[in-house]
Amino acid sequence: MRLLVLVFSILYAVTASTEPVDYSLPDVHGKEHSLADYRGKWVVVNYWATWCPPCQEEIPDLVEFHDRHKDNDAVVIGINFEDIGEEQLSAFVDSFLISYPILRSEPLAETPLGTIPGLPTTFIIAPDGSPVARQVGPVTGKQLDEYIARKKKAAGSR
């Protein structure tokens, strides 16, 4: 377990940019969501697909993390990264009881946050809107909690 946390920490240290990033995508109901809508909170941006087993495995942890933090300091935004019908995606979201916003994007070679080398890929956006981490592969709520706590502690010690 300690090795997994160490690998996770190293991967999370890699970031594409430290400048604030903003872009908008529609959710499963057509409503636009912008990263700027969540300024002041940590934003966990999770690129995923319905056909991806590791993506499916991490959903319950992301739901639990989002539900625990959404009213305070962090949110999860899921970005479905596949060509799928709206009804099929909505049915999937309902069957997995996903409580965080699910946005839609066609698979792209480059996103505003950087490349997506595999699914799932998760970015963490700091409260000021700057990307601070990227993880290729599944994440857990515990890993997210630990990472954000470390970043908060480091910011408080400056």
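Note that the structure is predicted; figures quoted are calculated from it, not measured.

Scoring rules and cut-offs
- Residues numbered from 1 in each chain as written.
- Predicted model: local features only at pLDDT ≥ 70, side-chain atom pairs only at ≥ 80, totals over all residues.
- Heavy atoms only, no water.
- Helix = DSSP H or I, 4+ residues; strand = E, 2+ residues; numbered from the N terminus.
- Pairing = 2+ DSSP bridges.
- Axes fitted to C-alpha atoms, helices over the stretch in contact; angles between N-to-C directions.
- pLDDT = per-residue confidence, 0-100.
- Contact = heavy atoms within 4.5 Å.
- Salt bridge = Lys/Arg side-chain N within 4 Å of Asp/Glu carboxyl O.
- Buried < 20%, exposed > 50% of the residue type's maximum accessible area, 1.4 Å probe, protein only.
- Polar contact = N/O pair within 3.5 Å; in protein donor to acceptor, adjacent residues only side chain to side chain.
- Right-handed = clockwise from strand over helix to strand, strands pointing away.

1. Points about unusual backbone geometry
Stage number 1. Between Leu119 and the following residue, Pro120, the backbone shows a cis peptide bond with an omega angle of -5 degrees.
Stage number 2. With respect to the secondary-structure elements, Pro120 resides in the loop between β5 (102-105) and β6 (121-125).

2. What to know about the sheet that holds β6
Stage number 1. Taken together, 5 strands build an open sheet; the order of strands is β5-β4-β3-β6-β7 and the sheet is mixed. Looking at strand neighbours, the two that pair on one side only are β5 and β7 (131-136), the edges of this open sheet. Here the average twist between neighbouring strands, direction ignored, is 20 degrees.
Stage number 2. Pairing of β6 with β7 involves 5 bridges; the strand directions are antiparallel.

3. Observations concerning the confidence of the model for the protein chain
Stage number 1. Mean pLDDT over the protein chain: 89, with 87% of residues reaching 70 or higher.
Stage number 2. Confidence over residues 1-16 falls short of pLDDT 50; this stretch has 25 contacts with residues more than four positions distant or in other chains.

4. Some points on the pattern of salt bridges
Stage number 1. For the coordinates displayed, the defined rule picks out 4 salt bridges.
Stage number 2. One salt bridge in this structure joins Glu64 and Arg68, with 2.6 Å as the shortest N-O distance. On the criterion of helical spacing, the pair formed by Glu64 and Arg68 is a turn pair, its members being 4 residues apart in helix α2 (residues 53-69).
Stage number 3. Residue Glu64 is classed as partly exposed on the basis of its relative accessible area, which comes to 37%.
Stage number 4. Overlapping salt bridges bring together Glu64, Arg68 and Asp145 as one network.

5. Here we look at the side chain of His33
Stage number 1. Considering the arrangement of structural elements, one finds His33 in strand β2 (residues 32-34).
Stage number 2. Classification of His33 by relative accessible area gives buried; the value is 10%.
Stage number 3. At 2.9 Å, the side chain of His33 forms a polar contact with the side chain of Tyr38.

6. Observations regarding the pairing of strand β4 (residues 74-81)
Stage number 1. Along β4, 8 of the 8 residues are buried, which leaves the element largely enclosed by surrounding structure.
Stage number 2. Neither face of β4 is open: one carries Ala74, Val76, Gly78 and Asn80, the other Val75, Ile77, Ile79 and Phe81, and all of them are buried.
Stage number 3. The pairing of strand β3 (residues 42-48) with β4 spans 7 bridges and is parallel. Bridge assignment links Asn46 to a residue of β4, and that residue is Gly78.
Stage number 4. Crossover β3 to β4 through α2 is right-handed.
Stage number 5. One ladder, built from 4 bridges, connects β4 with β5; its direction is parallel. Bridged to Gly78 within β5 is Ile102.

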